[in-house]
Amino acid sequence: MYVSIGADFAVRERSIIGIFDLDNTSWSKHTRNFLREAEQQGEVVTISDDLPKSFILTEEFGLNRIYLTQFSPSALERRIK
């Protein structure tokens, strides 16, 4: 099953490792370093020009991707169910 994560993007439900709230996780230096390194490696995809509220960590075919989306984690969770 595919989950719409904003704009014209959808990801496979089984490829989702986690959905994280940026407000609650970005205060940690470990999360900031993780996101910075992922961006330098070209693994970050920005879905919208709006301020992102969450990020989705996925792994598929051996490739990691981080999608920054304007949807809250609870809204994304409802889309999965």
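Up top is the structure these notes are about.
A brief structural summary. (Residues numbered from 1 in each chain as written. Predicted model: local features only at pLDDT ≥ 70, side-chain atom pairs only at ≥ 80, totals over all residues. Heavy atoms only, no water.)

### With respect to the packing of aromatic side chains
Alright, step 1. The tally for this structure, following the rule as stated, stands at two aromatic pairs.
Alright, step 2. Aromatic side chains phenylalanine 9 and tyrosine 67 sit 6.4 Å apart centroid to centroid with 55° between the ring planes, which places their arrangement in the tilted category. In this pair, phenylalanine 9 is assigned in strand 2 (residues 9-12) and tyrosine 67 in strand 6 (residues 63-69), connecting sequence segments 58 residues apart.
Alright, step 3. When the ring centre of phenylalanine 71 is taken as origin, the NZ or CZ atom of arginine 79, which lies over that ring, is 4.2 Å away. (Phe/Tyr/Trp six-rings, centres within 6.5 Å; stacked < 30°, edge-to-face > 60°. Helix = DSSP H or I, 4+ residues; strand = E, 2+ residues; numbered from the N terminus. Lys NZ or Arg CZ within 6 Å of the ring centre and 35° of its normal.)

### Concerning the sheet that holds strand 3 (residues 16-21)
Alright, step 1. On the basis of which strands lie adjacent, the open sheet formed by four strands has the order 3-5-6-4 and mixed pairing. Looking at the sheet topology across the chains shown, the edges are occupied by strand 3 and strand 4 (44-46). Looking at each pair of strands side by side, their axes are set apart by 20° on average, direction ignored.
Alright, step 2. By the bridge criterion, seven bridges tie strand 5 (residues 54-60) to strand 6 in an arrangement that is antiparallel. (Pairing = 2+ DSSP bridges. Axes fitted to C-alpha atoms, helices over the stretch in contact; angles between N-to-C directions.)

By themselves these figures say nothing about function.
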